[in-house]
Amino acid sequence: MHELSIATAIVEQAERLARADGADRVSAVTVRVGELAGVVPDALHFAFEVARDGTALAGARLEVEAVPALAWCGGCAEEFAVGMPPFFWCPHCDRPSQELRSGRELEITGVEA
Ligand SMILES: [Zn+2]
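Residues numbered from 1 in each chain as written. Predicted model: local features only at pLDDT ≥ 70, side-chain atom pairs only at ≥ 80, totals over all residues.

K.L.:
I'd like a description of the overall build of the protein, backed by residues and values.
P.N.:
Scanning the protein for helices and strands turns up two helices and six strands. When its helices and strands are written in sequence order, the protein yields α-β-α-β-β-β-β-β. Computed over the C-alpha atoms, the radius of gyration of the protein is 17 Å, more than 25% above the 13 Å expected from 2.2 N^0.38 for a compact globule of 113 residues. Expressed as a percentage of contacts within the protein between residues at least 6 apart in sequence, the contacts between residues at least 24 apart total 72%. (Helix = DSSP H or I, 4+ residues; strand = E, 2+ residues; numbered from the N terminus. Rg over C-alpha atoms; globule rule 2.2 N^0.38 Å. Contact = placed C-beta atoms within 7 Å.)

K.L.:
Give a description of the nonpolar core that names residues and reports values.
P.N.:
Ranked by internal contacts, the top residues of the largest apolar core, which has 19 residues, are A7, I10, A14, V26, V29 and F48. Secondary structure elements with two or more residues in this core: α1 (2–20), β1 (28–34) and α2 (41–51). In contact with A7, not counting residues within four places along its chain, are L44, A47, F48 and A51. If you look at the next biggest cluster of nonpolar residues, it comprises five residues, including L36, A69, F80 and V82. (Core = buried A, V, L, I, M, F, W, Y, C linked by C-beta atoms within 7 Å. Buried ≥ 20, exposed ≤ 12 C-beta atoms within 10 Å, placed from the backbone.)

K.L.:
Any details on the packing of α1 against α2? Residues and values, ideally.
P.N.:
To describe two helices that pack against each other, one gives the angle between their axes and the distance between the axes. Packing of α1 against α2 brings their axes to within 8 Å, and their N-to-C directions diverge by 55 degrees. Relative to α2, the element α1 is oriented oblique. Two packed elements cross with a definite hand, and for α1 against α2 that hand is right-handed. Packed against α1, whose contacting residues are E3, L4, I6, A7, T8, I10 and V11, the element α2 presents A43, L44, A47, F48, V50 and A51 at the interface. When the residues that make up the contact of α1 with α2 are grouped by side-chain class, the tally is 11 nonpolar, one polar and one charged. (Axes fitted to C-alpha atoms, helices over the stretch in contact; angles between N-to-C directions. Parallel < 35°, antiparallel > 145°, perpendicular 65-115°, else oblique. Left-handed = near helix turned anticlockwise from the far one by under 90°. Nonpolar A, V, L, I, M, F, W, Y, C, P; charged D, E, K, R; others polar.)

K.L.:
So, the pairing of strand β2 (residues 61–67): which residues are in play, and what are the values?
P.N.:
Relative to β2, β1 is paired through seven bridges, and the arrangement is parallel. Pairing of R32 across the sheet is with E65, part of β2. The parallel pair β1 and β2, bridged by α2, forms a crossover whose chirality is right-handed. (Pairing = 2+ DSSP bridges. Right-handed = clockwise from strand over helix to strand, strands pointing away.)

So, in structure tokens, the structure goes:
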């Protein structure tokens, strides 16, 4: 389960950010997870509960902000949802687009002491 290594990295990074801020406990962490990041939110929540044990994040809440996968069509000057599995084909003009605008995010956006 690779969510466990991701959760461990989130816990370590959040702990570092909190300590740099002078806090020794974290009550909540917010992460942005793109639709194409390859992370199952339920599995991430479960892994987080395991990873936070014995750290400054013991008892902390994990907030997952899901980011939809959107591609850009230059012809239409519009974004479209690529869905899952991703289909890089503009539904408006029926042409392919490879320009992914969002959906691969996997980042911490907030740490609450
Ligand atoms: Zn188009």
